[in-house]
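# Working through the structure, step by step
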Amino acid sequence: MPKYVYDFSEGNRGMADLLGGKGANLAEMTAMGLPVPPGFVITTEACRVFLEQGEPPADLANEVDTHLHALESAMGRKLGQVDQPLLVAVRSGARFSMPGMMETVLNIGLTDESVVGLANWFSDPRLAWDCYRRLLQMFGQTVLDLDSGLFASALDAAKAAKGVTNDLGLDAEDLCRLVDQFKAIIREHTGREFPQDPREQLDLAIRSVFESWNTERARIYRRTEHIPENLGTAVNVCAMVFGNVGENSGTGVAFTRDPATGAPGVYGDYLPNAQGEDVVAGIRNTLPLQQMAELHPQPYVELMEIMRRLEEHYRDLCDIEFTIERGKLWMLQTRVGKRTAAAAFRIAAALRDEGLIDDDEALRRVTGAQLTQLMFPRFTTNATIRPVTTGVAASPGAVVGRAVFDSPTAVRRAADGVPVILVRRETNPDDLEGLIHARGVLTTRGGKTSHAAVVARGLGRTCVCGAEELDVDVAARRFTTPDGTVVTEGDVISIDGTSGAVYLGEVPVVPSPVVEYFQGERAPDSDLLRAVDKIIRHADARRRLGVRANADNPGDAERARKFGAHGIGLCRTEHMFLGERRILVERLILAEDATERDAALAELLPLQRRDFVAILAAMDGLPVTIRLLDPPLHEFLTDRTELSERVAVANALGKPDAEATRLLHAVNRLHEQNPMLGLRGVRLGLVTAGLYEMQVRAIAEAAAERMLAGGQAQVEIMIPLIGDPKELEIIAGRARQILDLVSAEHGVDLRPEIGAMIELPRAALMAARIAETARFFSFGTNDLTQTTWGLSRDDVESEFLPAYLEQGILDVSPFETIDREGVGQLMTIAAERGRGARQDLTLGVCGEHGGDPASIQFFHQIGLDYVSCSPFRVPIARLEAGRAAVGQSHRASDSR
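Residues numbered from 1 in each chain as written. Predicted model: local features only at pLDDT ≥ 70, side-chain atom pairs only at ≥ 80, totals over all residues. Heavy atoms only, no water.

### Looking at unusual backbone geometry
Of note in the backbone geometry, Asn273 takes a positive phi value of approximately 55° without being a glycine. Of note, Asn273 is situated in the loop between β7 (264–272) and α10 (276–281). Its identity as a non-glycine residue notwithstanding, Leu721 has a phi of 60°, on the positive side. Looking at where Leu721 falls in the secondary structure, it is placed in the loop between β27 (714–719) and α28 (725–746). (Helix = DSSP H or I, 4+ residues; strand = E, 2+ residues; numbered from the N terminus.)

So this is what it looks like as structure tokens:
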């Protein structure tokens, strides 16, 4: 039979899964001999039973009785006795800290009779009636689910009638009357009296804490923090100690270091003559913790020593709650404190320098998500600057620019030195040049996995998507805000990709010194940069995973190298077919015979070769994986609808447009109902004569040129969308013939490795046979996720993914973090079968997941050789690869 209740003396901090974080730490402090009020913990397992069956476990009441009697014996008082009554606090405490998300009820045990006994015992009627009104207020709000405004209004009215603004201005008689009003509110809105049986109060409070696990705010918090839904919360029942007895009492919160900056010192807040919730609720202005030394010298000295012991014991920043009751210090809670990203790095490095932790542990204490926060610029906002709307925070950063409504304008204005923000309803591949030249992008549709978001993250551009409250009129070149303000092209706006906020006008921006450090523009000349430098160097020394970058041009390649990338894992050649080269693609598609086709390819060849030469030069000596053309050719043509309109208008005017008509026929011929699963990838290379051959020759000639110039060209050729081994055999055979020809022509020995992009479930299952030809696999996790789930990345987030997250079907988008159970299993199968056929097979990943911290952990576990991500995410990948090597999950707090 499971044990559902543990005394504080029976647990320790290693039991957080069972006792919750708060209960486990109360038990740990008890074991350390610190002054903790007696109490017990009802386990998370009991909560899970309650959530499953709607009632507490059958034996829970008996176990609570046993531990309550032990608590009463320890205190020498009983719950419910009239004279010197024992009161208890009932608090939630989940495995992972969820501050303010679940319930707390203080002063359980007070009744109409025992309130008098409490007043007599402390010789303080005000204390007793203040505790009773607090119990009624908390119980009414949390247990009986009454509107908090009912009690707040009555309290405000009492203070107004007394002519005071602070609760302390109310005397015992005022509070007694307020208790009567609170009981009347409960009676009126519930149809029953406030329970006068202390054990009934306790049972209802315990039930309320269990139920609070599934409140809307708790669910939202768990989704945001990626906390599993099935953990449940523990319930902590602890003897009450009173910080509101008088001026020799008080309550406070302390930190062993500054949680904002990580600086050492004494940080915290203190309130004399108050209970703990008063500090958190902010109902009174607190005093700096240092002032406690003047008010209560001896308890302050004791607190400083306890803080020192706790930090040394936990080897981390500790967040502490305490109460002083008539000069006696009591510890009510400790936990590893939440901190800013900057504080996380600074504290980890400081604790390492102080000898409390080693280099590996310092690495475990920080996360890729925290490093991401440090790398993007931020607005210096204040209370007077308010956003006009908030959308989806799709790509971090803070940028200011002039609103433009199409890509050509973005390119033109940016060329003139004007910072611009591209505003669209949604973006498509044709907007790429605009995205490249814009500082940021703002859309009214889509989410974190939309085109705009994915491309923006790859480019390191700030992006806010799904700002639905904005009415964008592209034709009129303007958008309208919810309050009716019209923003026209050229007006200045500011967007925050970290929060999703959109502002009118210019908001001051502070650049990131961390980015300047990684780019070699700034030495590690501050505590923060020195901490980042130490930790990232250790991550590089410890990691097994290589880190490459996704880069399609020399600028991105050079940037990636500065950020620490050891090669390019994905160079997309389709981006080289945009802009002025589109006319050549049109000629290729419209070619009526081999002569016209070969002429178009001949014009493309030197352009492609020039692109490759520049990228290979930027990555000289490092591997560069070039993916042959992947998307359907018609994506490079004029939009089908636009062409139809041009042809129709021309015909209606009696002036037929022969070129538009010819293009329309070609587009109609190539049109597909589902182009993602149509003529693209390797199929394109097999069907479109000469296309892949031209690209392979361009790659080979570029490599030869670099080698003859004294460079080291380590080029790899990747074939996309392989589904059958024969596809790869044919393309690889043709490629090798061209490589041999170019080698002979230039007198060099070209031996680029040829590999397959694994992005179809069939390819994963056929990995053994594919590996007979391929020298490497690169997992294209974007398409592999789409084809495994049967989802369209660009559609699901706005259509139904929010509902899946809301209903708990998914904890996180599979396009954001790798789906280990589905897509991850296919990757594992492909890795095992591929290496079974070719022992030296190189395995990498080049999808969006290559820069995701949680996904990197998984890629390390299944034995991949490298990840490839956008240049701006290279430092994050380096850090997470190091953390994976020292055995840490992507959550910094998991092991503590």
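### A look at a nonpolar patch on the surface
On the surface, Leu686, Val687 and Ile730 cluster together into a nonpolar patch covering about 220 Å² of accessible area. Among the secondary structure elements, Val687 is positioned in helix α26 (residues 682–687). Judged by its relative accessible area of 58%, Val687 is exposed. (Patch = residues over 30% accessible without salt bridge, like charges linked within 9 Å, V, L, I, M, F, W, Y side chains within 5 Å. Areas by Shrake-Rupley, 256 points an atom, 1.4 Å probe, with all protein chains shown as cover. Salt bridge = Lys/Arg side-chain N within 4 Å of Asp/Glu carboxyl O. Buried < 20%, exposed > 50% of the residue type's maximum accessible area, 1.4 Å probe, protein only.)

### Brief notes about the sheet that holds strand β8 (residues 287–288)
Two orientations exist for strands paired in a sheet by backbone hydrogen bonds: parallel and antiparallel. Read across the sheet, five strands follow the order β8-β7-β6-β9-β10 without closing on themselves; strand pairing throughout is antiparallel. Of all the strands in the sheet, just β8 and β10 (328–336) have a single pairing partner and so form its edges. In this structure, β7 lies alongside β8, joined through two bridges in antiparallel fashion. The residue bridging Asp269 from the neighbouring strand is Pro288, located in β8. (Pairing = 2+ DSSP bridges.)

### Remarks on the confidence of the model for the protein
Here the protein averages 90 in pLDDT, while 96% of its residues score no lower than 70. In the model, residues 890–896 has pLDDT below 50 throughout and makes 28 contacts with residues more than four positions away in sequence or in other chains. (pLDDT = per-residue confidence, 0-100. Contact = heavy atoms within 4.5 Å.)

### Focus on the packing of helix α5 (residues 125–143) against helix α8 (residues 198–212)
Two numbers describe how α5 lies on α8: the axes approach to 10 Å, and their chain directions differ by 45°. With respect to their mutual orientation, α5 and α8 come out oblique. Here α5 runs over α8; the crossing is left-handed. Between α5, through Leu135, Phe139, Thr142 and Val143, and α8, the contact on the second element is made entirely by Gln201, Leu204, Ala205 and Ser208. The residue makeup of the contact of α5 with α8, split by class, is five nonpolar, three polar and no charged. (Axes fitted to C-alpha atoms, helices over the stretch in contact; angles between N-to-C directions. Parallel < 35°, antiparallel > 145°, perpendicular 65-115°, else oblique. Left-handed = near helix turned anticlockwise from the far one by under 90°. Nonpolar A, V, L, I, M, F, W, Y, C, P; charged D, E, K, R; others polar.)

### Description of the packing of aromatic side chains
Applying the stated criterion across every chain yields a total of 15 aromatic pairs. Ring centres 5.4 Å apart and planes at 35° place the aromatic pair Phe50 and Phe210 in the tilted group. With Phe50 in helix α2 (residues 44–53) and Phe210 in helix α8, the pair connects residues that are 160 residues apart, well separated along the chain. Side by side, Phe50 and Phe210 carry an identical accessibility label, which is buried. With a centroid separation of 5.1 Å and an interplanar angle of 90°, the aromatic rings of Phe151 and Phe182 are classed as edge-to-face. Of this pair, Phe151 sits in helix α6 (residues 148–162) while Phe182 sits in helix α7 (residues 172–190), and the two are 31 residues apart along the sequence. A relative accessible area of 0% means that Phe151 is categorised as buried. (Phe/Tyr/Trp six-rings, centres within 6.5 Å; stacked < 30°, edge-to-face > 60°.)

### Regarding the nonpolar core
Residues Ile719, Phe777 and Met827 are the most contacted members of the largest nonpolar core, which totals 151 residues. Among residues more than four places away in sequence, those in contact with Phe777 are Ala756, Ile758, Ala767, Ile770, Ala771, Ala830, Gly834, Leu841, Thr842, Leu843 and Gly844. Tyr4, Ala46, Leu135 and Leu178 belong to the second-largest nonpolar core, a separate cluster that totals 60 residues. (Core = buried A, V, L, I, M, F, W, Y, C linked by side-chain atoms within 4.5 Å.)

### A short note on the sheet that holds strand β18 (residues 471–473)
Here three strands make up an open sheet; going across it, the order is β18-β19-β20 and the pairing antiparallel. What marks the edges here is a single partner per strand, and that holds for β18 and β20 (486–488). Direction aside, the axes of adjacent strands within the sheet are offset by 15° on average. Sheet topology places strand β19 (residues 478–480) next to β20; three bridges connect them, and they run antiparallel. Each bridged residue has a counterpart across the sheet, and for Phe479 the counterpart in β20 is Val487.

### Side note on helix α23 (residues 594–618)
For α23, with 25 residues, the first-to-last C-alpha span of 36 Å sits near the 36 Å given by 1.5 Å per residue. Every buried residue of α23 is listed here: Ala600, Leu601, Leu604, Leu605, Leu607, Gln608, Asp611, Phe612, Val613, Ile615, Leu616 and Ala618. In the core, the buried residues of α23 are packed alongside α21 (554–562), β25 (568–572), α22 (582–590), β26 (623–627), α27 (691–708) and β27. N-capping of α23 is provided by Asp593, with a side-chain oxygen placed 3.1 Å from the backbone N of Thr595. (Expected span 1.5 Å × (residues − 1). Polar contact = N/O pair within 3.5 Å; in protein donor to acceptor, adjacent residues only side chain to side chain.)

### Quick word on the pattern of salt bridges
One side chain can pair with another of opposite charge once the charged atoms of both are near each other. Tallying each qualifying case throughout the model produces 64 salt bridges. Of the charged contacts, one joins Arg548 and Glu716 as a salt bridge, the two residues approaching to 3.3 Å between their closest N and O atoms. On the criterion of sequence distance, the pair formed by Arg548 in strand β24 (residues 546–550) and Glu716 in strand β27 is long-range, its members being 168 residues apart. Relative accessible area serves as the criterion here: at 11%, Glu716 is assigned to the buried category. The residue Asp620 makes a salt bridge to Arg706 at a minimum N-O spacing of 3.2 Å. Highlighted residues: Asp620 in the loop between α23 and β26 and Arg706 in helix α27, separated in sequence by 86 residues. Note on Asp620: relative accessible area 23%, which makes it partly exposed. Residues participating in the shared-partner salt-bridge network are Arg126, Asp130, Arg133, Arg134, Asp156, Lys159 and Asp167.

### Comments concerning helix α36 (residues 874–885)
Taking 1.5 Å of rise per residue, twelve residues should cover 16 Å, and α36 covers 17 Å from first to last C-alpha, within 8% of that figure. Across the twelve residues that make up α36, a large majority, eleven, are buried. Just downstream of α36, Gly887 is the residue with a positive phi angle, here 75°.

### Thoughts on the pairing of β26
Burial of β26 is extensive: five of the five residues sit out of reach of the surface. Judged by which residues are buried, β26 turns out to be covered on both faces: Pro623, Thr625 and Arg627 on one side and Val624 and Ile626 on the other are all buried. Where β26 meets β27, five bridges bridge the pair, whose relative direction is parallel. Directly across from Thr625, in β27, lies its bridge partner Glu716.

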